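Structural description and commentary
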Amino acid sequence: MLAAVEAALPADVAIFAAAVADWRVAQASGQKIKKGAAGTPTLALTENPDILSTVAHMKTKRPALVIGFAAETERVVEHAKQKLERKGCDWILANDVSAESGVMAATSTAFIS
């Protein structure tokens, strides 16, 4: 995904709505992992590239406006401000995704048309 984003630059504005995934399996299996006597397999994870931070810190081809999102479960404003500073973007839109907000941990679904 990072290579695709870099290939799309330069741009005036870049909006990074969500991370594709923060983590991936460190060593993918070439086949389905079958159930067996050994029990549940242990999966090692490795971090994916941080596309928002990479683009925001570019010396050349950096968009004039870089916008990111912060999905937070606690201390939403504090954590969003820290992310803004750490990632080097211009704006952060913070979302409260705690169980209490019902955004991601809702027990019911509403369809709006």
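My aim in this report is to walk through the structure given alongside it, one point at a time. (Residues numbered from 1 in each chain as written. Predicted model: local features only at pLDDT ≥ 70, side-chain atom pairs only at ≥ 80, totals over all residues. Heavy atoms only, no water.)

**A look at the nonpolar core**
- Ranked by size, the top nonpolar core spans 15 residues in total, and within it F16, I51, V55, V66 and C89 carry the most contacts.
- Put simply, the parts of the chain that give this core at least two residues each are α1 (2-8), β1 (13-16), α2 (51-56) and β4 (65-72).
- The leading source of residues in this core is α2, at four residues.
- Those residues in contact with V66 that sit more than four places away from it in its chain are A14, F16, L52, A56, C89, D90 and W91. (Core = buried A, V, L, I, M, F, W, Y, C linked by side-chain atoms within 4.5 Å. Buried < 20%, exposed > 50% of the residue type's maximum accessible area, 1.4 Å probe, protein only. Helix = DSSP H or I, 4+ residues; strand = E, 2+ residues; numbered from the N terminus. Contact = heavy atoms within 4.5 Å.)

**Things to note about the sheet that holds β1**
- Read across the open sheet, the three strands follow the order β1-β4-β5; overall the sheet is parallel. Each having just a single partner strand, β1 and β5 (91-96) make up the two edges of the open sheet. Going across the sheet, the axis of each strand differs from the next one's by a mean of 15°, ignoring polarity.
- Pairing of β4 with β5 involves six bridges; the strand directions are parallel. Paired with A71 across the two strands is N95, which belongs to β5.
- Along the sheet, helix α3 (residues 76-87) makes contact with β4 and β5, crossing β5 at roughly 150°. (Pairing = 2+ DSSP bridges. Axes fitted to C-alpha atoms, helices over the stretch in contact; angles between N-to-C directions.)

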